[in-house]
Amino acid sequence: MQGVVLAGALIARRTGKTPNRLLAAFVVALALHLASVAYYTPTIVAALPGLFGVSYPLPFVFGPLVYLYAHTASDRTRRLTPRDAWHAMPFLVVVALAIPVYALSGPDKLSLLLQLQAGEKPLIFRLIDPIK
């Protein structure tokens, strides 16, 4: 909740809109990633299996958001350009690769979670985890 409140305060500021929005996006992404730790407790994940894997690609936005924040904060005249969208590519690739996991039914997601906890990783996870 603190991350969401901080992000709201950053967005509400009238000065430095671009850097503040990038920092707010980073704070929200980090808050969601941290909240996933609580999500993976057995009772919550069993009650809400549809959210399984939602936080998996988030670490791929941390670096680009901090990088773009630093650039826009240090040069107040700099605005985001279409070229900056390339920084989102790793995140978008991981999301695209994870679509088959997101499309699984709730029981299938729970089964996959049990597989992962037993140390049996599908190929996609073995490829992405070292990069992550």
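Before reading on, note that the structure itself is shown above.
Just so it is clear, the model here is predicted, and its values are computed rather than measured.

A. Structural detail: the layout of surface pockets. In this structure, the largest pocket encloses a volume near 260 Å³. Forming the walls of the largest pocket are 18 residues, and the residues nearest its centre are Tyr-40, Gly-53, Ser-55, Tyr-56 and Lys-132. Secondary structure elements with two or more residues in the lining of the largest pocket: helix 2 (17-39), helix 5 (89-102) and helix 7 (123-131). Here the element with the most residues in the lining of the largest pocket is helix 5; it accounts for 5 residues. Tallied by class, the residues present in the lining of the largest pocket amount to 13 nonpolar, 4 polar and 1 charged. Approximately 210 Å³ is the volume found for the second largest pocket. Ranked by residue count, the leading element in the lining of the second largest pocket is helix 2, at 5 residues.

B. Fine view of the pattern of salt bridges. Inspection of every chain in the model, using the stated rule, returns 2 salt bridges. The closest approach of N and O atoms between Asp-84 and Arg-78, which form a salt bridge, is 2.9 Å. Accessibility expressed as a relative area gives 21% for Arg-78, which makes it partly exposed. We note a salt bridge from Lys-121 to Asp-129, for which the minimum N-O separation is 2.7 Å.

Reading guide: rules and limits
- Residues numbered from 1 in each chain as written.
- Predicted model: local features only at pLDDT ≥ 70, side-chain atom pairs only at ≥ 80, totals over all residues.
- Heavy atoms only, no water.
- 1 Å grid on protein atoms, 1.4 Å probe; cavity = no way out; pocket = protein on both sides within 12 Å on 5 of 7 lines; lining within 4 Å.
- Points joined across faces, edges and corners; volume = space filled by probe spheres on them.
- Helix = DSSP H or I, 4+ residues; strand = E, 2+ residues; numbered from the N terminus.
- Nonpolar A, V, L, I, M, F, W, Y, C, P; charged D, E, K, R; others polar.
- Salt bridge = Lys/Arg side-chain N within 4 Å of Asp/Glu carboxyl O.
- Buried < 20%, exposed > 50% of the residue type's maximum accessible area, 1.4 Å probe, protein only.

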